[in-house]
Amino acid sequence: MKIPNNPFIGTNYIGFKEKINVLKVLNSKSLFRYHGPKLLFMTDKLENMLKKYLNVKYVLACTNGASALKLSCIAYGIGNGDEVIMSPFTFIASASSVLACGAIPKFVDIDETMNIDPKKIEEAITKKTKAIMCIHMQGQCCDMNPILNIAKKHNLIIIEDTAQAFGSEYDNKKSGIIGNIGAFSLQAGKTITCGEGGFIATNDYEAYQKAKDFHDNGGHRIGCDYPTWTNGGTSYGENYKMTELQSAVAVAQLSKISKIINRQNKLFEYFENYFKNINFYTMRPNLSTNKNINVSICLKFKTDVECNDFIKFMHENGIPFNKYCTKLINSYDVFKKKQGPHKSNYPFNLTDVQYSESDCPRAIELINQTAWFNLSSQLKCKHVKYIISKMEDFRVERQ
Ligand SMILES: Cc1ncc(COP(=O)(O)O)c(C=O)c1O
């Protein structure tokens, strides 16, 4: 049986609404969010819908999740050798967005939840620490309450990297609005998508305004007007503006988010019910505070060998369980060799932080002992039944 292995959750829901919205924008000949002959204000609409969905005061749409992370740092003046604490079990963009601001990632180990271990954060704090980046991996929130307490005690900013967890909740609050600022991605593999795209969410007006000006080439726009263009009041900034076409797709996708999340969680429930009744497989633990958007199944084995055997067995039966990754990002050349893009080696020339893969030993163990399966929204009942039957075969053979 061919098992769907398509991790592109939102992409699978592209349909009539997306097409109509895109056509409307094309017909309006107004693709730029601030001007056009018949501007439809799709990007404004998207931001307003997101504010309502997240229950947050300010949302700014931007080009992608990485730029949303960079804008989050910019919003709080993080740069020039400042340290940002984060886990190395993530996609490289979490760290490179920090480097792009001239700040320095400082890696802290994870725990069984596969997210940053709150107990290890305090020992990594130095005089240079400015922020903690909480990366909610694979639809599941970090344990925010202890992290919020640490941030308060040490006067640190919390940036939430919500790229992989849009729609998840912690303590009845949507992830991304729990700390000071949240960065989200609308890339093709995420809960909802417009191919590439992202946004920030915050309740802090000053932070929002700073990010907004920066994302608009440093100009201060009032509504659609851009007075700085004529009066020269522009500060340093770059261009991270969302296009109306991207927003047209994202608006349609956002109207489907509850349906998407419910389906993911229903799929997960089938597997959870199976795992509940046997004591052979160990699932990624979930916190009682969390409501996830379940994008994958993660199983933890006692040894690397057992994990590899399981993956091999599943592959022999056409089921794509895999390691999430083989390397943590702190072992990538950029950190191993402390290699900046400029000959001055900026921003690594601003720090004496050293990087070694062995800094996060639990993360290494966990990436070697966990097998992951994408919960494709194309999975059907027959697939779930087949996968569970093969898991049962493996268990019977081993137990
Ligand atoms: C954890 C995490 N952070 C940031 C990003 C960057 O998002 P984007 O690809 O939209 O730039 C990703 C993308 O996969 C991600 O998984």
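Residues numbered from 1 in each chain as written. Predicted model: local features only at pLDDT ≥ 70, side-chain atom pairs only at ≥ 80, totals over all residues. Heavy atoms only, no water.

### Quick notes on the overall build of the protein
And then number 1: Each helix and strand in the protein was counted, giving 13 helices and 13 strands.
And then number 2: A globule of 399 residues ought to have a C-alpha radius of gyration of about 21 Å, and the protein, at 22 Å, matches this closely.
And then number 3: Structurally, the protein occupies a C-alpha span of about 75 × 55 × 40 Å along its principal axes.
And then number 4: Expressed as a percentage of the 399 residues in the protein, the buried residues total 57%.
And then number 5: Considering only contacts within the protein whose residues lie at least 6 apart along the sequence, 71% involve residues at least 24 apart. (Helix = DSSP H or I, 4+ residues; strand = E, 2+ residues; numbered from the N terminus. Rg over C-alpha atoms; globule rule 2.2 N^0.38 Å. Buried < 20%, exposed > 50% of the residue type's maximum accessible area, 1.4 Å probe, protein only. Contact = heavy atoms within 4.5 Å.)

### A word on the domain arrangement of the protein
And then number 1: When the domains of the protein are assigned, the result is domain 1 (10–257) and domain 2 (258–325 + 362–398).
And then number 2: The C-alpha centroid of domain 2 is placed 29 Å from the C-alpha centroid of domain 1.
And then number 3: On the domain 2 side, the residues contacting the 32 residues of domain 1 number 28 residues.
And then number 4: Roughly 2700 Å² is buried in total at the junction of domain 1 and domain 2, and carbon and sulfur atoms are behind 55% of that figure.
And then number 5: When the buried surface of domain 1 facing domain 2 is broken down by residue, Y13, E112 and Q138 rank first, second and third, together holding 25% of it.
And then number 6: Run the count over domain 1 and domain 2 and you get two salt bridges. (Domains from an automatic or database assignment. Buried area = accessible area lost by both parts, 1.4 Å probe. Salt bridge = Lys/Arg side-chain N within 4 Å of Asp/Glu carboxyl O.)

### A few points about the nonpolar core
And then number 1: Residues F89 and I159 are the most contacted members of the largest nonpolar core, which totals 49 residues.
And then number 2: With six residues, the single largest contributor to this core is helix α3 (residues 65–75).
And then number 3: Here this core gathers at least three residues from each of two domains, domain 1 (10–257) and domain 2 (258–325 + 362–398).
And then number 4: Dropping the residues within four chain positions of it, F89 is found in contact with I110, M114, M137, Y324, C325, L328, I367 and W372. (Core = buried A, V, L, I, M, F, W, Y, C linked by side-chain atoms within 4.5 Å.)

### Quick notes on the site of the ligand
And then number 1: Taken together, the neighbourhood of the ligand is formed by 16 residues, with G65, A66, D161, S185 and K190 sitting nearest.
And then number 2: Take A66: an N or O atom from its main chain is 2.9 Å from an oxygen atom of the ligand.
And then number 3: Within the contact set of the ligand, an oxygen atom lies 2.9 Å away from a side-chain nitrogen or oxygen of Q164.
And then number 4: Starting from 390 Å² of accessible surface for the ligand in isolation, the protein chains cover 91%.
And then number 5: At the level of elements, α3 and α4 (93–100) are the ones that each hand at least two residues to the shell around the ligand.
And then number 6: The leading source of residues in the shell around the ligand is α3, at three residues.
And then number 7: Its residues assigned to classes, the shell around the ligand shows six nonpolar, eight polar and two charged. (Near = heavy atom within 4 Å. Polar contact = N/O pair within 3.5 Å; in protein donor to acceptor, adjacent residues only side chain to side chain. Areas by Shrake-Rupley, 256 points an atom, 1.4 Å probe, with all protein chains shown as cover. Nonpolar A, V, L, I, M, F, W, Y, C, P; charged D, E, K, R; others polar.)

### Description of the sheet that holds strand β12 (residues 296–300)
And then number 1: With antiparallel pairing, the three strands of this open sheet are ordered in space as β10-β12-β13. Each edge of the open sheet carries a strand with a single partner, namely β10 (282–283) and β13 (370–374).
And then number 2: Pairing between β12 and β13: five bridges, direction antiparallel. Note on β13: the bridge partner recorded for K300 is T370. (Pairing = 2+ DSSP bridges.)

### A few points about the state of the cysteines
And then number 1: Counted under the stated rule, the structure contains zero disulfides.
And then number 2: C134 forms no disulfide, and the closest cysteine sulfur to it belongs to C142, at a distance of 4.8 Å.
And then number 3: A disulfide-free cysteine, C224 has its sulfur positioned 18 Å from the sulfur of C62, the nearest such atom. (Disulfide = S-S within 2.5 Å.)

### Examining the environment of L366
And then number 1: With respect to the helices and strands, L366 occurs in helix α12 (residues 361–369).
And then number 2: For L366, a relative accessible area of 0% gives the class buried.
And then number 3: Along the chain, L366 and D111 lie 255 residues apart, while their C-alpha atoms are 8.4 Å from each other.
And then number 4: Once residues within four sequence positions are removed from consideration, L366 is found in contact with I110, D111, E112, M114 and K300.

### A look at the pairing of strand β3 (residues 104–107)
And then number 1: Burial of the side chains of β3 extends over both faces: I104 and K106 are buried on one face and P105 and F107 on the other.
And then number 2: With four bridges connecting them, strand β2 (residues 83–86) and β3 associate as parallel partners. By the bridge assignment, E83 is partnered in β3 with I104.
And then number 3: Between β2 and its parallel partner β3, the chain crosses via α4, and the hand of that crossover is right-handed. (Right-handed = clockwise from strand over helix to strand, strands pointing away.)

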